[in-house]
Amino acid sequence: QVRLLESGGGLVQPGGSLRLSCAASGFTFSSYAMSWVRQAPGKGLEWVSAITNSGFSTSYAHSVEGRATISRDNAKNTLYLQMNSLKPEDTAVYYCTKYPYDYWGQGTQVTVSS
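Rules used in this analysis
- For every chain, the first residue of the written sequence is number 1, and numbering continues from 1 along that sequence.
- Where local features are concerned, this predicted model is filtered to residues with pLDDT of at least 70; where side-chain atom pairs are given and counted, the filter is 80 or more; whole-chain, interface and lining totals use all residues.
- Processing note: side-chain calculations cover all non-hydrogen atoms of the structure and skip hydrogens and water entirely.
- Under the scheme used here, helices are H or I runs from DSSP no shorter than 4 residues and strands are E runs no shorter than 2 residues, and both carry numbers assigned from the N terminus.
- Relative accessible area decides the class of each residue, using a 1.4 Å probe on protein chains only: under 20% of the type maximum gives buried, over 50% gives exposed, and in between gives partly exposed.
- The working definition used for a salt bridge is a side-chain nitrogen of Lys or Arg within 4 Å of a carboxyl oxygen of Asp or Glu.

**Student:** Can you help me understand unusual backbone geometry in this one?
**Tutor:** What is expected of a backbone is that most residues other than glycine have negative phi and most peptide bonds are trans. Along the chain, Y99 connects to P100 via a cis peptide bond; the corresponding omega equals 5°. Checked against the element boundaries, P100 lands in the loop between strand 9 (92–98) and strand 10 (103–104). Unlike most non-glycine residues, N77 shows phi in positive territory, near 50°. Accessibility expressed as a relative area gives 28% for N77, which makes it partly exposed. Of note, Y101 is a non-glycine position whose phi angle comes to about 60°, a positive value. With respect to the secondary-structure elements, Y101 resides in the loop between strand 9 and strand 10.

Put into structure tokens, the structure is as follows:
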């Protein structure tokens, strides 16, 4: 079955960096676009970034553009999100999701606080 397992979250100080990972299994990873979506405490889901199946094209929400880099390693069936210059408003549970948003991981918590 399809499985998405995020990791790499944690507590980081403002201005710090984190690299999130999402290990995928149960489907042909290289055939699907992938996205990161986050949910801040008490708020709805916010799309963060997406990447095409080949990895050649990426897109970002305005809120993270210039601070985030999405990438993938199709040989390792893994999706990544590098987040730099983190802000308190980046605090959220981060989910990876397979296009067309039919499967989601359990999420990884990112907390940005001093």
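**Student:** Help me understand the pattern of salt bridges in this model?
**Tutor:** Where side chains of opposite charge bring their charged atoms close, a pairing between them can arise. Considering all chains together, one arrives at four salt bridges under this definition. With its nearest N and O atoms 2.9 Å apart, the salt bridge here joins R38 to D90. With R38 in strand 4 (residues 34–39) and D90 in the loop between strand 8 (78–83) and strand 9, this pair connects stretches of sequence that are 52 residues apart. There is no split in this pair, since R38 and D90 are both buried. A single salt-bridge network, built from bridges that share partners, covers R38, E46, R67 and D90.

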